[in-house]
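Chain residues, written in single-letter form:
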Amino acid sequence: MNSVVRAVSIETEVTAGDFRNAMRQLSGGVSVITAGKGKDISGMTVTSVSSLSVDPPSLIVSLNRESSSWPLVKRYGFFGVNILTSDQVDIAERFTGKGGLKGADRFAGAKWTTRASGVPLLAEALAAIDCEVEDVVERHSHAIVIGRVLDVAVSVRTAALAYWQGRYVAIDQDEDAVKLAEVSVPVRHTGRKF
């Protein structure tokens, strides 16, 4: 059987604004990526964290190569993923660089700890994950960083911070379940099983 190869030319180009608007429709958990050691530290707010594998535990994060955190991730080979709680909007904003804060100044006003790698981890995060860089794929403006998980600290709190349509949104398992129950339609049981 012969296969036919067709050349397809697409004449339209998606603008950065159109793409950004489309991606705002995808809600994402808010995390702060931390990097560096001692006073040589920085961090950035991201919604681009995803698990890669449970065995071995690993994750993926996309980092802007123009950020102050990227050179530290490359230099030290470690980074932290700090998944924020719903009441940590101020921390999320601080690590976006709002107010002109840079480097170690972004860490003021919160309690930090370290684990195996020495990278600062947020003590009151929903989860704080200590990672070693396993691989990096550089594409366009960003680097896709694969991190092998060295250590994990998980909070007992249940309310997470998400970002959707250009703003922060609180997701609270308990409160949202109550809200859904209040607006749900009663279910009639017909006796049939599906």
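Structure: above.
Bear in mind the structure is a predicted one, so any value in this text is a computation, not a measurement.

Considering the sheet that holds strand S1 (residues 28–29)
Line of reasoning, step 1. Overall, antiparallel pairing links the three strands, which are arranged S1-S11-S12 in an open sheet. The open sheet has two edge strands, S1 and strand S12 (167–172), and neither has a second partner.
Line of reasoning, step 2. The pairing of strand S11 (residues 159–164) with S12 spans six bridges and is antiparallel. The residue bridging Trp 164 from the neighbouring strand is Arg 167, located in S12.

Description of the packing of aromatic side chains
Line of reasoning, step 1. The full count for this structure, using the stated rule, is four aromatic pairs.
Line of reasoning, step 2. An aromatic cluster is defined as three or more aromatic residues linked by ring pairs; in this entry it consists of Phe 95, Phe 107 and Trp 112.

Topic: the nonpolar core
Line of reasoning, step 1. The biggest cluster of nonpolar side chains holds 17 residues, and the ones touching the most others in it are Ile 33, Leu 63 and Phe 79.
Line of reasoning, step 2. Secondary structure elements with two or more residues in this core: strand S2 (31–37), strand S3 (40–46), strand S5 (57–64), helix H2 (69–76), strand S6 (78–83), strand S9 (127–139) and strand S10 (142–154).
Line of reasoning, step 3. Listed in part, the 11 residues of the second largest apolar core include Val 30, Ile 91, Ala 125 and Leu 161.

Things to note about unusual backbone geometry
Line of reasoning, step 1. At the junction of Asp 55 and Pro 56, the peptide bond is cis and its omega measures out at 0 degrees in the coordinates.
Line of reasoning, step 2. Mapped onto the elements, Pro 56 comes out in the loop between strand S4 (49–54) and S5.
Line of reasoning, step 3. Phi is positive for His 140, close to 55 degrees, though the residue is something other than glycine.

Focus on the environment of Gly 28
Line of reasoning, step 1. Among the structural elements, Gly 28 can be located in strand S1.
Line of reasoning, step 2. Residue classification places Gly 28 among the buried positions, given a relative accessible area of 14%.
Line of reasoning, step 3. Considering only alpha carbons, one finds Gly 28 and Tyr 163, 135 residues apart in sequence, at a separation of 5.4 Å.
Line of reasoning, step 4. Excluding residues within four positions of it along the chain, Gly 28 makes contact with Thr 47, Leu 161, Ala 162 and Tyr 163.

Reading guide: rules and limits
- Residues numbered from 1 in each chain as written.
- Predicted model: local features only at pLDDT ≥ 70, side-chain atom pairs only at ≥ 80, totals over all residues.
- Heavy atoms only, no water.
- Pairing = 2+ DSSP bridges.
- Helix = DSSP H or I, 4+ residues; strand = E, 2+ residues; numbered from the N terminus.
- Phe/Tyr/Trp six-rings, centres within 6.5 Å; stacked < 30°, edge-to-face > 60°.
- Core = buried A, V, L, I, M, F, W, Y, C linked by side-chain atoms within 4.5 Å.
- Buried < 20%, exposed > 50% of the residue type's maximum accessible area, 1.4 Å probe, protein only.
- Contact = heavy atoms within 4.5 Å.

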